[in-house]
Amino acid sequence: MALLATLLALRKDARILKIPPYLSALLILVGVAWLLVLPLNEYSRGTYVSENALLPGQVHTYFSGSEHDVFRAYRHEVAGLVDLPVQQRSEKLTELFRASNLKVATQKYTYTPSGRNISNENVYAVLQGPRADATEAIVLMASLKTMDGEHNYSGVALVLALARYFKRWSLWSKDIIFLVAGDSTSGSQAWVDAYHDAHDPTKVESLTIKSGALQGAVGVEYPAGPWGHRYDELHVVYDGTNGQLPNLDLFNTVVNIASGQMGIRCTLQRMWLHANSYQARLQTMLRGMLSQGLGHATGPHSAFIPYHVDAITLVTVGDGWHDEMGLGRTIESLFRSLNNLLEHLHQSFFFYLLLEAKRFVSIGTYLPSAMLIAANFSITAIALWVQSGRSQEPIPNIAATKPGPKSSSPETSTESKEQVQDEKGSGDNNTAPSTTVVSKDGATAIIPTAALAVSERPLFLPTAFVLAAHIFGIVPLAIFNKLPVSGLYSSFLLTANLSALLPLVTAFLLSRFGRPTVQESTLIHCFSLLFLGMFLSALATLNFSQSLMIGLLSAPLSFVRRTNGRKSSIAQFLLLAGLNPVVVAQIATYVGKVELLDVLVKAAEGWEVWGLWTQVVVWLVWWPAWFCGSVVVALGLV
């Protein structure tokens, strides 16, 4: 009880408030350290196929010989389609599919993100499985242009050749849909939206032919010239929109077939020379996290994953000795494996970080990293809440505990007895009022009443301010998603300048009315960090990388405070100015050597076409938290 009495006294001690900043810093350091140890063998695992029905690489493939001549003929046909109008190109592709005795249909779509006109047409064909009942289907697709803007001659030709080849087999227990998309992202997005009746009929045409539930999708990007090109390795692209990932079994099946059965080396995240060292694993993991955190579409497969359709894109890279027949046999073997499935892929992981083609980290291992960083905001918010209720008194001195007289009565010795005695301090003006806490064993602790004083918290202004900051984020969100291309760059620069000055202007206007007080500014900071911590914790379970990135960029918000020292306030404000989300975007585009306008255009396209939510997180969560913290610091300057 002596220990309990001491703890009861300490919980009111103002010195306790000095601990949270160190605890927050510790959580951030541990979170980063946790991330850095993931590439080690002790914290990662070798990949494996959980679904036994897939049986990857267990079938003999026959796509070779005379099929090579068919493929080259199709490639020649596709090369002649490049300069044709959309209508004529679609008619020619329709004829080629119908020549293989397939049901063929077309789909037109028109999007207008940022005032641009994205108008094109998809062509697709359905192979009805001889052993299928039209309840399940697999998609093989290729876009007319790759993600890098190159003509996908060999990719489209391979889809046409495989469509003709698959038609001759009677073993298919699922329908196979062959899709030639008008472009690499919008085309597949329009098609899969319409397939699930989730499209806008004014922009996207409905599908006239459908099959059953989609069980998987495979995209092909073979950016060879019209005369062909041999490749060295397969780049497996697996990132989906908003950081979603396909079932790991699909990725493992592709790698197992390509590298094990076909002898084709597989790479990921553009790591062409992967030495399987710690540095290479870490770099691969960080590249994957960056791609996942941005949430953008990385290929035609990305549109399928939000509909819980596992999908990947196979991209040929390098100069080597592998030809289109090797890629064709890889796809044939993959579709034979998917054809074996009796149910949707579900046994393996949907949340993972890949270190290389045959090593990964599961969610249970990496999730604590983001959670620790998110928790630091909650801890700081709790500390600020306690601080806002403390009276502004000097730190009290706690008297040493001393044993008191013990009662000889058996009744009082077995009962819990607490006596709180308030002394008014009359007669001696130099003696502060105190409270005596007596435990049942007689131990006492004397603490000044000032340490127990709690002041009333004014909640209206802090709550209204934080809510207004988050609501105001809708303005730039709407501007950058609706403005035409011609006004995007200038609007971004204007926003960058205004957002840098807005905290100072806001702090100046508030100070003119004598608000907020120190207590109210503490509560503003408290509520802002509390919301940020809760949101990042929830986001970590959906998009780990995005949560971690925003958490690290927002980490200084846990340590800045409203101070009376001008130099300290200026230093803090300059630090936060450099972490303005708008400034971070400018720095990132400069470091990544990409055009800022291209990023803004793609973001607007992602908002309208892909359903991208990255802008929502930036403008409605990250920016308001930065703004509230900056205003709190700026109050010390005005």
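A quick note: this is a predicted structure, and the numbers were derived from the prediction, not measured.

Another point: the packing of aromatic side chains. On inspection of all chains with the given rule, the structure shows 26 aromatic pairs. Their ring planes at 70 degrees and their centres at 5.8 Å tell us that Tyr124 and Trp191 sit as a pair that is edge-to-face. On the criterion of sequence distance, the pair formed by Tyr124 in strand E3 (residues 118–127) and Trp191 in helix H6 (residues 186–195) is long-range, its members being 67 residues apart. Each member of the pair, Tyr124 as well as Trp191, carries the same accessibility label: buried. Note on Phe166 and Phe178: the rings are 6.2 Å apart at their centroids and 40 degrees apart in plane angle, and the pair reads as tilted. Of the two residues, Phe166 sits in helix H5 (residues 153–167) while Phe178 sits in strand E5 (residues 175–181), which places them 12 residues apart along the sequence. When its relative accessible area of 0% is taken as the criterion, Phe166 is described as buried. Phe178 sits in the buried class, given a relative accessible area of 0%. These aromatic residues form a ring-pair network of at least three members: Tyr62, Phe63, Tyr165, Phe166, Trp169, Trp172, Phe178 and Phe335. Above the plane of the ring of Trp385 lies Arg457, whose end atom (NZ or CZ) is 4.0 Å from the centre.

This next bit is on a nonpolar patch on the surface. Together, Ile16, Ile19, Leu23, Leu26, Val30 and Trp34 line one region of the surface with nonpolar side chains, adding up to about 480 Å² of accessible area. Summarising the element assignment, Ile16 is placed in the loop between helix H1 (2–10) and helix H2 (19–36).

In the sheet, strand E6 (residues 213–221) pairs with strand E9 (residues 311–322) via 5 bridges, with the strands oriented parallel. Residue pairing in the sheet places Glu221 in a bridge with Val315 of E9.

Looking now at helix H3 (residues 66–79). Here H3 spans 21 Å end to end across 14 residues, near enough to the 20 Å set by a 1.5 Å rise per residue. Taken together, the buried positions of H3 are occupied by Glu67, Val70, Phe71, Tyr74, Arg75 and Val78. All buried residues of H3 lie within an arc of 140 degrees about the axis, which places them on one face of the element. What points out from H3, more than 90 degrees from its buried face, is the exposed set Ser66 and His76.

Below, the discussion takes up the sheet that holds E5. The 8 strands are arranged E2-E3-E5-E4-E6-E9-E7-E8 in an open sheet whose pairing can be described as mixed. Only two strands of the sheet have a single partner each, and these edge strands are strand E2 (103–111) and strand E8 (265–267). For this sheet the average axis-to-axis angle between neighbouring strands, irrespective of direction, equals 25 degrees. Most of the contacts of helix H7 (residues 248–261) go to E9, to which it runs at about 20 degrees, and overall it touches strand E7 (231–237), E8 and E9.

Here the UniProt-annotated "transmembrane region" (unreviewed entry) positions come out as residues 21–40, 459–480, 492–510, 573–592 and 612–637. Taken end to end, residues 492–510 comprises 100% helix and 0% strand; its first and last C-alpha atoms sit 27 Å apart.

Within the structure shown, the criterion is met by 3 cavities of 30 Å³ or more. Its boundaries defined by the atoms lining it, the largest cavity holds a volume of some 70 Å³. Residue assignment for the lining of the largest cavity shows that the elements contributing at least two residues are helix H8 (278–294) and strand E10 (352–356). At 4 residues, H8 tops the list of elements feeding residues into the lining of the largest cavity. Tallied by class, residues from the lining of the largest cavity come to 7 nonpolar, 2 polar and 1 charged.

Look at helix H4 (residues 86–98): 18 Å from first C-alpha to last across 13 residues, which is about the 18 Å you get at 1.5 Å a residue. Within H4 the residues assigned to the buried category are Arg89, Ser90, Leu93, Thr94, Leu96 and Phe97. One face of H4 carries all of its buried residues, which in axial projection span an arc of 160 degrees. Elements in contact with the buried residues of H4: H3, E2, E3, H5 and E5.

What follows is about the nonpolar core. With 69 residues, the main nonpolar core has Phe97 and Phe178 as its most contacted residues. For this core, the element with the highest residue contribution is H5, accounting for 11 residues. If sequence neighbours within four positions are ignored, Phe97 has contacts with Leu102, Val104, Val123, Ala125, Val159, Leu160, Ala163, Phe178 and Val180. Judged by nonpolar contacts, the second largest core, of 48 residues, contains Leu523, Phe573, Val584 and Val633.

Bringing the side chain of Glu605 into the picture now. Note that Glu605 resides in helix H19 (residues 596–610). Under the relative-accessibility criterion, Glu605 is labelled buried at 4%. When residues no more than four places from it in sequence are discounted, the contact partners of Glu605 are Pro113, Arg116, Ile118, Thr185, Ser186 and Trp610.

With that settled, the discussion passes to the sheet that holds strand E11 (residues 359–362). Spatially, E1-E11-E10 is the arrangement adopted by the 3 strands of the open sheet, whose pairing is antiparallel. At either end of the open sheet lies a strand with only one pairing partner, and these are strand E1 (45–46) and E10. With 4 bridges joining them, E10 and E11 adopt antiparallel strand pairing. Opposite Glu356, over in E11, you have Arg359 as the bridge partner. Those strands touched by H8 are E10 and E11, and its axis lies near 140 degrees from that of E10.

Among the secondary structure elements, His322 is positioned in strand E9. What makes His322 buried here is its relative accessible area of 7%. In terms of polar contacts, His322 uses its side chain to reach the backbone carbonyl oxygen of Gly263, at 3.4 Å.

Rules used in this analysis
- Residues numbered from 1 in each chain as written.
- Predicted model: local features only at pLDDT ≥ 70, side-chain atom pairs only at ≥ 80, totals over all residues.
- Heavy atoms only, no water.
- Phe/Tyr/Trp six-rings, centres within 6.5 Å; stacked < 30°, edge-to-face > 60°.
- Helix = DSSP H or I, 4+ residues; strand = E, 2+ residues; numbered from the N terminus.
- Buried < 20%, exposed > 50% of the residue type's maximum accessible area, 1.4 Å probe, protein only.
- Lys NZ or Arg CZ within 6 Å of the ring centre and 35° of its normal.
- Patch = residues over 30% accessible without salt bridge, like charges linked within 9 Å, V, L, I, M, F, W, Y side chains within 5 Å.
- Areas by Shrake-Rupley, 256 points an atom, 1.4 Å probe, with all protein chains shown as cover.
- Salt bridge = Lys/Arg side-chain N within 4 Å of Asp/Glu carboxyl O.
- Pairing = 2+ DSSP bridges.
- Expected span 1.5 Å × (residues − 1).
- Arc of directions from axis to C-beta.
- Axes fitted to C-alpha atoms, helices over the stretch in contact; angles between N-to-C directions.
- Contact = heavy atoms within 4.5 Å.
- UniProt positions renumbered as here; feature names shortened; annotations may be inferred.
- 1 Å grid on protein atoms, 1.4 Å probe; cavity = no way out; pocket = protein on both sides within 12 Å on 5 of 7 lines; lining within 4 Å.
- Points joined across faces, edges and corners; volume = space filled by probe spheres on them.
- Nonpolar A, V, L, I, M, F, W, Y, C, P; charged D, E, K, R; others polar.
- Core = buried A, V, L, I, M, F, W, Y, C linked by side-chain atoms within 4.5 Å.
- Polar contact = N/O pair within 3.5 Å; in protein donor to acceptor, adjacent residues only side chain to side chain.

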